[in-house]
Amino acid sequence: VARYLRTGHLVYGRGGSLHAVSFDLQQMKTKGASKLLVSGVRTESSGGAVQFAFSDDGTLVYVAGPNLAISRFVWVDRSGEITSLGLPVRSYGEFKLSPDGKSLAVVFGDEKDDIWIYNFERESWSRFTVEGNNQNPVWSPDGTQMAYASLREGSGKLFRKNVDGTGVEQQLTKFSERAWFRPDAWTHDGRYLLLRKDQKNWLLTTAEDTLKLQPHARKSDQSWFSAPSPDSHWLAYTSSDLGPWEVFVEDFPSATKRWKISIDGGEEPRWSPDGKELYYRNRDQWFVVPISTETGFLPGKPRLLFEGPYINVYGYSWDVHPDGQRFLALQAEEHTNPRQIRVVLNWFEELKQEVPTEK
């Protein structure tokens, strides 16, 4: 979360610290490099919220404490048994497994957001993005390309690029307005890339030489976490149009019918590889729903699969392995540090000295 101050700065939290950068409000652009100003600010595991606030007289208040988003990747089987992947313990962002389960795309949020790829067989990391702030990685059905959102020069754009590093990235959206087109998923037949902007849904045709962007008429515009079925005939998603977050399924792409899947809340739906089960998360619980499509669409009763206090990052916070028997999640580090509220008077004066603004 970034906050604009009357001093001409943007102050934001990242990785348990507060950073500041000079900001031109007329041109809506940052100027110069950002600088780390305060460390040891409590960061929540869910969504990565950083606990700080300002008053108009220049007082800073923050909660001192650890970065609770520090976590490790683990496999969780259908009975809830945990196996560590042995990857470094750190603050991870949104992540997705490749279609063959041999690679993992992860957002690293250090000085800026970048997408990295981990190869399980080689046990090695490779950096995928360099320019801009990059989020929402989505694998193509064959695993050869990745689509992602990137913030560059004050505008959100959509790109795709070969995973093996060959070729150049291709910009998929060409809009002058400051808009984040965030990819949710690629349909398994390769025809559509499912996008969202301001909780409204879009379809980008990618199977043809000419890209075509069009609104996707759903029963609810207040929806996200699109998950197409393996046969691309059904679309699961999260919606709040009836109150609490719930998981629904619609026929795709016509969206003429809708079925409510979850009971008493649910989000982040995922399909089993064979399309006969639909999984979803409800806070610290994971449910499985049997699905029959022999004579239309017929969902069964949700059943608790496993539960645990796994981190809910911004975006997708878990995934299903192609074998359908294990799930990838983030397990939080344990912290015992007490919470302390700290108040810094006249902090704006220190800010202006540390990060001068251009006149």
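This structure is a prediction, so every number in the text was calculated from the model and none was measured.

Draft legend 1. Looking closely at the sheet that holds strand β2 (residues 9-14). Taken together, the 4 strands give an open sheet; going across it, the order is β1-β2-β3-β4, and neighbouring strands pair in antiparallel fashion. Since the sheet does not close on itself, it has two edges, and those belong to β1 (2-5) and β4 (29-39), each with one partner. On average, each strand axis in the sheet is tilted by 25° relative to the strand beside it, whichever way the strands run. Relative to strand β3 (residues 17-24), β2 runs antiparallel, the two being bridged by 6 bridges. Looking at the pairing, Gly 13 lines up with Leu 18 of β3.

Draft legend 2. Highlighting the environment of Arg 270. Along the polypeptide, Arg 270 turns up in strand β25 (residues 267-271). Judged by its relative accessible area of 13%, Arg 270 is buried. Here the alpha-carbon distance between Arg 270 and Glu 111, two residues 159 residues apart in the chain, equals 31 Å. Once you skip the residues sitting within four places of it in the chain, Arg 270 turns out to touch Lys 96, Glu 277, Leu 278, Tyr 279, Tyr 316, Trp 318, Asp 319 and Val 320.

Draft legend 3. Up close: the nonpolar core. Ranked by size, the top nonpolar core spans 16 residues in total, and within it Val 38, Trp 347 and Leu 351 carry the most contacts. Setting aside its immediate chain neighbours within four residues, Val 38 contacts Gly 16, Ser 17, Leu 18, Leu 60, Tyr 62 and Trp 347. Counting 15 residues, the second largest nonpolar core, distinct from the first, contains Leu 87, Tyr 92, Leu 104 and Leu 328.

Draft legend 4. Representation of the sheet that holds strand β6 (residues 60-64) in the model. The strand order across the open sheet built from 3 strands is β5-β6-β32, with neighbouring strands paired in antiparallel fashion. Of all the strands in the sheet, the pair left with one neighbour each is β5 (52-54) and β32 (340-344). Taking each pair of neighbouring strands and ignoring which way they run, the sheet shows an average axis angle of 15°. When β5 meets β6, the two strands line up antiparallel, connected through 3 bridges. In the strand pairing of β6, Ala 53 is matched with Val 61.

Draft legend 5. Examining the packing of aromatic side chains more closely. Applying the stated criterion across every chain, the model contains 30 aromatic pairs. A ring pair is formed by Tyr 118 and Trp 125, whose centres lie 5.0 Å apart and whose planes are at 55°; its orientation type is tilted. The exposure class assigned to Trp 125 is partly exposed, which follows from its relative accessible area of 26%. Measuring from ring centre to ring centre gives 5.9 Å for Trp 318 and Phe 327, while their planes differ by 50°; the resulting arrangement is tilted. Residue classification places Trp 318 among the buried positions, given a relative accessible area of 1%.

Rules behind the numbers
- Residues numbered from 1 in each chain as written.
- Predicted model: local features only at pLDDT ≥ 70, side-chain atom pairs only at ≥ 80, totals over all residues.
- Heavy atoms only, no water.
- Pairing = 2+ DSSP bridges.
- Helix = DSSP H or I, 4+ residues; strand = E, 2+ residues; numbered from the N terminus.
- Axes fitted to C-alpha atoms, helices over the stretch in contact; angles between N-to-C directions.
- Buried < 20%, exposed > 50% of the residue type's maximum accessible area, 1.4 Å probe, protein only.
- Contact = heavy atoms within 4.5 Å.
- Core = buried A, V, L, I, M, F, W, Y, C linked by side-chain atoms within 4.5 Å.
- Phe/Tyr/Trp six-rings, centres within 6.5 Å; stacked < 30°, edge-to-face > 60°.

That is the geometry; function is a separate question.
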